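Tertiary structure, described
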Amino acid sequence: MEKQLVLYNTLTRKKEKFAPLNPPFVGMYVCGPTVYSDVHLGNCRTFVSFDMIFRYLLHLGYKVRYVRNITDAGHLEGDRDEGDDKFSKKAKLEQLEPMEIVQKYTLGFHEVLRLFNTLPPSIEPTATGHILEQIEMIQRIIDNGYAYEVNGTVYFDVEKYIKEHDYTILTNRKLEDLLNNTRELGGQDEKRGRLDFALWIKAKPEHIMRWPAPWSVGFPGWHIECSAMSSKYLGAQFDIHGGGMDLAATHHTNEIAQSEACHHVQPAKYWMHTNMLTVNGARMSKSAGNGFLPHELFTGNHPLLEKGYAPMSVRFFMMQAHYRSTLDFSNDALEAADKGYKRLMNAITLLDKIKPSNKNTYDFDLTDLKKRCYKAMDDDFNTPVLIAELFEAVRFINAAYDGKATADQTMLDELKSFVKIFVVDILGLKNDNLGADTDDAEALIQLIIKLRNEAKKNKDFTTSDRIREDLQSIGVQLKDSKDGTLWNKI
């Protein structure tokens, strides 16, 4: 099938046909977590979305190098180079070494993404593992005239850059608005301009994480790490740069400026951003008290949640919204998604239980459905439309299982292939309805069915009916047929 993928480019503010710089190779960089605390759901939504994008590009036959960094140094509490280092502050609070904090939360991050069934990136570089590359890039920016050093700290000269480049090209914001929203420089401020930002920061005596550099013993600014690592592994110019929309205004804007000042080219051809999360219509945040962590969502251990939801139900919930749309968490929305996910997984389970016929008797065109599914994904990865299309296959599978339609072996094989492509390979969903002990559950239910059949044989219909009703109450439905008793999850 001819590739007709189009995606929305934040840089141009329009959808564009995807044309990699060096096909079939694709370079994709996504800003990863700052590992000083548990990963939050906003981060997870971004990484699950780009996992879906990664999966679809692989399915289309592209050879993708997916780089997602780990920020383990240099991230101050304020975006404008203010406040304490997040790692040092957390290390002092927990009486640990900064790298113990990094290890603890990196492992937690990987475990959460494992539960969400995300594929690992091709490369996962760390900021501390690329100090030399950051120092070299900063020196090149200085040599090119776009940075200056004051008392051991190096700043990017935004005012100099603005004279020759469009600093707000990514967000289309007015420069006057940026200046109006930035405080005036005080008499003790080292920066020449209000928008200037630190590339290298001289460490205070109490600062734990520090490295020697030509300008001082210090640590890198937050923005430089992504520019240094993306150019090392993907080149000065690559295909896709992604992240949450909250990164566009400052972090990604500064990345573009740094990269152009160093390499004289725009770093990424396409910039992609995921939208924010809300809870019952209000923006999710720690300060609002409405934020919850992934494990709280999985267990239901949070005042705002009525119950917990399996990771795959949550992934399905995320895929029901377009990655550029706001995703609103509510108990009603989560419950509806959970039911939809279980309905989809139940149909997939039933596929193996349908006995093939010698003909197809149903108005169901799988070839046309495949085309519509590809059309949805090719339209800027439109997963909500894809999921809606998938439920046409669900209706056919249920009809075939109930004897209201028939399918020959070829149709059933094609359906299984279709499910693997779109549900498993692209959406990244798997059936965790029965947990890890699916084989044990099958054996247990078959034993219960055997006991029920013995009760029916002995005309003990009270017991056989009770077994059916009790199983139904826990989500297991029995269906008697000429081929025996079949079961499925409700």
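Whatever comes next refers back to the structure up there.
Residues numbered from 1 in each chain as written. Predicted model: local features only at pLDDT ≥ 70, side-chain atom pairs only at ≥ 80, totals over all residues. Heavy atoms only, no water.

1. Looking at the side chain of asparagine 290
Counting through the fold element by element, asparagine 290 comes out in the loop between β15 (282-283) and α9 (294-299). Looking at asparagine 290, the relative accessible area reads 9%, which means it is buried. At 3.0 Å, the side chain of asparagine 290 forms a polar contact with the backbone oxygen of arginine 283. With near-sequence residues (within four places) excluded, asparagine 290 lies in contact with Val279, Ala282, Arg283, Met284, Ser285 and Leu304. (Helix = DSSP H or I, 4+ residues; strand = E, 2+ residues; numbered from the N terminus. Buried < 20%, exposed > 50% of the residue type's maximum accessible area, 1.4 Å probe, protein only. Polar contact = N/O pair within 3.5 Å; in protein donor to acceptor, adjacent residues only side chain to side chain. Contact = heavy atoms within 4.5 Å.)

2. Quick word on the pairing of strand β9 (residues 197-202)
The buried fraction of β9 is high, at five of six residues. The pairing of strand β8 (residues 153-156) with β9 spans three bridges and is antiparallel. Bridging across to β9, tyrosine 155 finds its partner in alanine 198. When β9 meets strand β11 (residues 217-220), the two strands line up antiparallel, connected through three bridges. (Pairing = 2+ DSSP bridges.)

3. Considerations on the pattern of salt bridges
All told, the structure shown has 17 salt bridges when counted by the stated rule. Here the salt bridges share partners, and the residues they tie into one network are Lys307, Glu335, Asp338 and Lys342. (Salt bridge = Lys/Arg side-chain N within 4 Å of Asp/Glu carboxyl O.)

4. A short note on the nonpolar core
By size, the foremost hydrophobic cluster in this structure holds 92 residues, and its most contacted members are Phe329, Phe381, Leu415 and Phe418. Residue contributions to this core peak at 11 residues, all from helix α13 (residues 383-401). When neighbours within four sequence positions are excluded, phenylalanine 329 is seen to be in contact with Leu41, Leu277, Thr278, Val279, Asn280, Met284, Phe292, Leu297, Phe317 and Leu334. Judged by nonpolar contacts, the second largest core, of 48 residues, contains Tyr161, Leu170, Leu195 and Met209. (Core = buried A, V, L, I, M, F, W, Y, C linked by side-chain atoms within 4.5 Å.)

5. Re α13
For α13, built from 19 residues, the straight-helix expectation of 27 Å at 1.5 Å per residue is met to within 8% by its first-to-last C-alpha distance of 27 Å. One or two residues past the end of α13 sits glycine 403, with phi positive at roughly 80°. (Expected span 1.5 Å × (residues − 1).)

6. Section: the pairing of strand β13 (residues 268-274)
Across the seven residues that make up β13, a large majority, six, are buried. In this region the chain leaves strand β12 (residues 238-244), passes through helix α8 (residues 248-263) and returns to the parallel neighbour β13; the handedness of that crossover is right-handed. (Right-handed = clockwise from strand over helix to strand, strands pointing away.)

7. A few points about the sheet that holds β11
If you walk across this open sheet you meet the five strands as β7-β8-β9-β11-β10, and the pairing is antiparallel. Each edge of the open sheet is held by one strand with a lone partner, namely β7 (147-150) and β10 (211-212). Strands β7, β8, β9, β10 and β11 of the sheet are contacted by helix α4 (residues 131-143), whose axis makes an angle of about 120° with β9. (Axes fitted to C-alpha atoms, helices over the stretch in contact; angles between N-to-C directions.)

8. Digging into the packing of aromatic side chains
All told, the structure shown has 19 aromatic pairs when counted by the stated rule. Here the aromatic rings of tyrosine 56 and phenylalanine 381 are separated by 6.1 Å at their centres, their planes lie at 90°, and the arrangement is edge-to-face. Residue tyrosine 56 is found in helix α1 (residues 41-59), and its partner phenylalanine 381 is found in the loop between α12 (366-378) and α13; the two are separated by 325 residues along the sequence. Here the two residues tyrosine 56 and phenylalanine 381 agree in accessibility, since each one is buried. Taken together, a centroid distance of 6.0 Å and an interplanar angle of 55° make the contact between tryptophan 200 and tryptophan 215 tilted. With tryptophan 200 in strand β9 and tryptophan 215 in the loop between β10 and β11, the pair connects residues that are 15 residues apart, well separated along the chain. Of the residues examined, tryptophan 200 reaches a relative accessible area of 0% and is grouped as buried. Relative accessible area serves as the criterion here: at 14%, tryptophan 215 is assigned to the buried category. Above the face of the phenylalanine 47 ring, arginine 68 is positioned so that its terminal group lies 5.5 Å from the ring centre. (Phe/Tyr/Trp six-rings, centres within 6.5 Å; stacked < 30°, edge-to-face > 60°. Lys NZ or Arg CZ within 6 Å of the ring centre and 35° of its normal.)

9. What to know about helix α14 (residues 409-426)
For α14, which comprises 18 residues, the first-to-last C-alpha distance of 24 Å matches the rise-based estimate of 26 Å (1.5 Å per residue) to within 8%. At lysine 420, α14 shows its largest bend, some 30°. Looking at α14, one finds that the buried residues are Met411, Leu412, Leu415, Phe418, Val419, Ile421, Phe422, Val423 and Ile426. A positive backbone phi angle near 75° is found at glycine 428, which sits one or two residues after α14. (Bend = angle between axes of the 7 residues up to and from the residue.)

10. As for unusual backbone geometry
Of note, the bond from proline 23 into proline 24 is cis; its omega dihedral lies within 30 degrees of zero at 5°. Looking at the element boundaries, proline 24 is found in the loop between β2 (14-17) and β3 (25-30). Of note, asparagine 151 is a non-glycine position whose phi angle comes to about 55°, a positive value. At phenylalanine 381, a residue that is not glycine, the phi angle is positive and equals roughly 55°. Phenylalanine 381 sits in the buried class, given a relative accessible area of 0%.

11. Observations regarding the sheet that holds β3
The four strands lie next to each other as β4-β3-β12-β13, forming an open sheet whose pairing is parallel. The outermost strands of the open sheet, each flanked by one partner alone, are β4 (63-68) and β13. Averaged over all neighbouring strand pairs, the angle between strand axes comes to 20°, with direction disregarded. Relative to β13, β12 runs parallel, the two sharing six bridges. Within β13, the position partnered with histidine 241 by the bridge is tryptophan 271.

By themselves, these observations are geometric and do not establish any function.
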